[in-house]
Amino acid sequence: MSVRIGVVLFPGSNRDIDAVNALEVAGAEPVTLWHEDASLDGVAGVLLPGGFAYGDYLRAGVIARFSPVMRAVSAFADDGGPVLGICNGFQVLTEAHLLPGALLRNRGLRFVSREVEIAAERTDTPFTHLLGARRPLRMPVAHGEGAYFADDAELDALEANGQVLFRYVRSDGTAAGGEEDRANPNGSLRAIAGVMNAAGNVAGLMPHPETAVEAVLGSDDGLGIIASFVASAAERERSGSPATVRSAVGAR
Amino acid sequence: MTMVEEPVTAAPSATGTEEPLHRRLGVTDDELDAIRARLGGRDPNDLELAMFSVMWSEHCSYKSSRPLLRTLPMGSAADGVVAGPGENAGVIAIGDGLAVAFKIESHNHPSAVEPTQGAATGVGGILRDIFTMGARPIAVLDALRFGDPADARTRHLVEGVVKGVGGYGNCVGVPTVGGELVFDPSYQGNPLVNVMAIGLLEIDDLTLAAAPGAGNLVVLFGSTTGRDGIGGASVLASATFQDQDESKRPSVQVGDPFAEKLLIEASLELIRGGLVAGLQDLGAGGITCATSETADRAGTGMRIELGAIPRREPGMEPFEVMISESQERMLAVVEPARWDAVRAVCERWGLPVAVIGTVTDDGDVTVVDDTGVELARVPAAALTSDAIVHQRVAAPPVRRRAAPAPGAPATASDGLPERGMDPGAVLTALLGSANLASRRPVFEQYDSTVQANTVEGPGHGAAIVRIKGTTKALVAATDANQAVGALDPWLGAALSVAEATRNVSITGARPLGVTNCLNYGDPTRPEAFWQLSEGVRGLAEACRALGLPVTGGNVSLYNESPTGAIAPTPEIGVVGLLEDVGTRVGPGFRSAGDRVLLVGSATPGLAGSAYAALAGLAVEDGPPSLDLDRERRVQAFVREAAARGLLASAQDVSGGGLAVALAECALWADRDRGLGADLRVAVASSPAVDLFGESPSRLVVSATPRHVPALVLLARQHGLPIEELGEVSARPDDGTPARLVIELHGSGATGAAEDRGSRVADALIVSLDELRHAWEGGLARALGWEMR
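Residues numbered from 1 in each chain as written. Chains lettered and ligands numbered in written order. Predicted model: local features only at pLDDT ≥ 70, side-chain atom pairs only at ≥ 80, totals over all residues.

S.K.: Please provide a residue-by-residue account of the overall build of chain A, values included.
M.R.: When its secondary structure is counted, chain A shows six helices and 11 strands. Computed over its C-alpha atoms, the radius of gyration of chain A comes to 16 Å, within 12% of the 18 Å expected for a compact globule of 252 residues. Structurally, chain A occupies a C-alpha span of about 45 × 40 × 40 Å along its principal axes. Counting the 252 residues in chain A, one finds 61% classified as buried. (Helix = DSSP H or I, 4+ residues; strand = E, 2+ residues; numbered from the N terminus. Rg over C-alpha atoms; globule rule 2.2 N^0.38 Å. Buried ≥ 20, exposed ≤ 12 C-beta atoms within 10 Å, placed from the backbone.)

Here it is, written out as structure tokens:
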């Protein structure tokens, strides 16, 4: 009996196809959650996929946050449920204030679609505990609004609390620079590619681990992130205790 | 055909001292007579005339090209063809109960007026053609052609078109996996935007665009109907294009990819639920086209209640409603019992939906107002299958000459590399040229990975998309050789087919079929029509020789501007099937020590080559010849070699010739391995021909030494010359970058390298870093882009 993971479907979501595929590869049972449903159908974890929810004409994620399903997702998160937002899903989570910071237009103001390398800052979280030894993970980015932004005080606080989950890195594994560095595809501050909340049960990242889960697609480096998320959801379902950094460590 | 100078935004009832209405709508006097004949001798009223004007436009009626298109090989069930020309897209079975739907279409004129929206709606339109058949769109390829990249207007068009293609495809969630970007002076006033879309369907879901069953409901769903795109087909697509013609902007449609995404999901849900008897997207000609085509296909008629059509704005004239090309709309034929279910699906996806009429058995498209008064009654066939056909006059030009290449000197200079010239410098210049440099700055603006099926995205020859749940993959490529087409339209078309299919075959895939977008000039000019008929002849002969069906496409004529007509551009799209994606072969070198072999042999002729363009060569010697039977054998050879696992890499020799092909094999190798090559090339005629000539049907392959004998034998079995050139080399131990070394020997070598103190008669010696720098930065430099 594989663990049931909800994939939120907003009108305009499109990486839901990738998310469903990745969850199946990771051995989970994907459950589509329609944006108008106020219930999460008892899933053990929630994945907010990439795309252009409601067209994103105003600002990415700004409308999606007000959908009925997001109220349910917020309650689920407050209760310690594991929530992973990818690309547009990350944007929605920041708009919904479930994650700190904001995603701004890319440096250069162009949509950027390319393979990047990221590294997990820590591997004791519900989203990274199965990643093993620190090494660059190759996966695609595809977004127009992916430049991570927060003011310096907030960034310092995030670093101090260990809430910076992923950074863009160069091939040698060292953190990418800002403005001029091609390894940082969108000009994110401090090369931040993904963050999590203080409780450690909600995370978001701009790159697409769910698209890099099979070698035939060029990389399966993303599978470790999806698998960690699925395992943490299963762990929480079993133990009933919130998915946190502690439980992630326990899950090892 | 009279050129339409103004958009059809004035109500047809507006008359005065100016031209009669039919001419202002682009209908000629003899066409008006033909319309009367189809109406039992009576005059059409204004609404009927407007309907005829869009449906008899070149874009909708193919009135100039239909007789030619009938000569194309359409294929049969034996080729796996499930749906061919005449349907919204070609469909070919690929086993496992699956089929692939694919088609290429142009949006040239709208893109010239408003590049971003023109290109975006081009993507939207071709995607609708795909999911109308019941297929989920899984890939897009865009073939773009512009004038001089240094020109400010060209840069504006490139920026806008790329933004339009990317913005739409990225939002709708279909990966843009390949295509072309070509610069040629002939496109200066008339850019080409051709978009190919590919979809995957279960054969049971195949849905045809017909309106069977009198009494069935005619349902319109998707966006509401507005004034945008009034007369797009007749005004834009069917008249020669006047540069900077702002007055036509109202004729350009506006695209909403978000609505399209909802339309895709709703349409596929309706089809899978078996809720629709027929489905047709609304494109050129709007409601008029969708109703008359679906009725005519089923031999039925339709009664349309004008008042029932959801509007975007008040006060629209009947003719505006009937010919509006508002985007993201679908027409469905629904049995009355299923209407509630259909409405529920559309409303769930937040799409406006309405019954706008019923299917009849009288064969007419009838438009009635709220009180039931008939506003128009026209036989459906008269608008579509029985539309007028013009027998155009074809005449070859008195004198054929290639268009001068961008930046080419006015007068022909010496052909490089002659004695004293370094062929390495020529190769570097070619790789950095606008047409051969890396396309990365453009394709990085396209989402090429969404849907998690992309095995090979843009930038490495043909695109490869795996079919989830199977071992199979689809392989796709587009190609058009306008440079040779300008010299010999037959050869240009045949070469385009050869190159597109070759690009698919070198991956190991078997080409399934061909779709084509024929971009030519004003068919009322005998020379332009001759180019079109020669192009169709080349297309037909090449497809027959390679055993491939032509499953559809579109024709774009009147591609002319005050700066002249475009070079004949038969854009060819090919889809192939790879039975086992694990056996795919890539173009990049794999490992040091692998042997490099050349299959096929060069024939003289530099005309139409990138080299000739760079050198500004006089091209009196003509382009190299094409032997279609050899082309067939070359492709059969490489597919068999791939299937038997004999190949480490395979690349074809095309733009830039052998030297560029070899450089690409090294550049496309895994960058970290830093592979180069040490090679020897026998020069028969001149170094220019052997290094940079583009004679077709040649391959560069690499293989581990133990496979070489089998490869040589296999080539002989296919009656092909094969020659070992040397081997893949590793980065030198001294830390210096890998190099591409090509020693020239044989009667044609110039001895230039000896002059530079080399031990060989002549040689091309250049570092990969140098080549990579030129190749990666070339396009951004040409367009004046700042890239990171």
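Having put the structure on the table, let's press on.
S.K.: So what's going on with the pairing of strand E6 (residues 112-120) of chain A? Residues and values would help.
M.R.: All names here are of chain A. Counting buried positions along E6 yields seven of nine residues, so the element is predominantly enclosed. As judged from the seven bridges shared by E6 and strand E7 (residues 137-143), these two strands associate in the antiparallel manner. Counted as the bridge partner of Glu115 is Pro140 from E7. Bridge count between E6 and strand E9 (residues 164-168): three bridges; the pairing is antiparallel. (Pairing = 2+ DSSP bridges.)

S.K.: Residue-level account of the environment of Ser188 of chain A, with values.
M.R.: All names here are of chain A. With respect to the helices and strands, Ser188 occurs in the loop between E9 and strand E10 (192-196). Judged by local crowding, Ser188 falls into the buried class, with 24 C-beta atoms found within 10 Å. A sequence separation of 85 residues divides Ser188 from Leu103, and the C-alpha atoms of the two residues are 8.4 Å apart. Excluding anything up to four places from it in sequence, Ser188 contacts Gly146, Ala147, Tyr148, Tyr168 and Ala193. (Contact = placed C-beta atoms within 7 Å.)

S.K.: Can you explain the pairing of strand E18 (residues 550-556) of chain B? Please cite residues and give values.
M.R.: All names here are of chain B. Of all seven residues in E18, seven are buried, a share of seventy percent or more. Looking at chain direction, strand E17 (residues 510-519) and E18 are connected through six bridges and run parallel. Its bridge partner being in E18, Asn516 is matched across the sheet by Gly553. Since E17 and E18 lie parallel, the crossover through helix H19 (residues 526-545) that links them has a hand, and here it is right-handed. (Right-handed = clockwise from strand over helix to strand, strands pointing away.)

S.K.: How would you sum up the sheet that holds strand E4 (residues 83-86) of chain A? Please name residues and give values.
M.R.: Residues and elements named next belong to chain A. The strand order across the open sheet built from nine strands is E2-E1-E3-E4-E11-E10-E9-E6-E7, with neighbouring strands paired in mixed fashion. This sheet does not close on itself; its edge strands, each paired only once, are strand E2 (29-34) and E7. Neighbouring strand axes in the sheet, compared pairwise and without regard to direction, differ in orientation by 25 degrees on average. Packed on one face of the sheet, helix H5 (residues 223-239) meets strand E1 (4-9), strand E3 (45-48) and E4 and runs near 150 degrees to E3. (Axes fitted to C-alpha atoms, helices over the stretch in contact; angles between N-to-C directions.)

S.K.: Lay out the interface of chain A and chain B with the relevant residues and their values.
M.R.: The interface of chain A with chain B comprises 24 residues on the first partner and 24 residues on the second. Elements with a minimum of two residues in the side of chain A that touches chain B: helix H1 (16-25), E6 and E7 of chain A. For the side of chain A that touches chain B, a count of residues per class yields nine nonpolar, nine polar and six charged. (Nonpolar A, V, L, I, M, F, W, Y, C, P; charged D, E, K, R; others polar.)

S.K.: Tell me what's going on with the confidence of the model for chain B, and back it up with residues and numbers.
M.R.: Close inspection of predicted coordinates is inappropriate for parts of the model with low pLDDT. All names here are of chain B. The pLDDT averaged across chain B works out to 88; a share of 89% of its residues lies at or above 70. This stretch, residues 1-16, has a pLDDT under 50; its non-local contacts, to residues over four places away or in other chains, come to 35 contacts. This model gives residues 403-419 a pLDDT under 50, and the stretch forms 39 contacts once residues within four places in sequence are excluded. If you check the scores for this complex, the pTM reads 0.91 and the ipTM reads 0.91. (pLDDT = per-residue confidence, 0-100.)

S.K.: Help me get a handle on the sheet that holds strand E10 (residues 329-334) of chain B, residues and values and all.
M.R.: Residue and element names in this part refer to chain B. One open sheet accounts for seven strands, arranged E8-E10-E7-E11-E9-E12-E13; its pairing is mixed. Taken across any chain shown, the strands that pair with only one partner, and hence form the sheet edges, are strand E8 (278-281) and strand E13 (374-379). Geometrically, the sheet is characterised by an average inter-axis angle of 20 degrees between neighbouring strands, direction not taken into account. Two strands pair when backbone bridges link them, and strand E9 (residues 301-305) and strand E12 (residues 364-368) are joined in this way by four bridges, in the parallel orientation. The partner of Glu305 across the bridge, within E12, is Val368.

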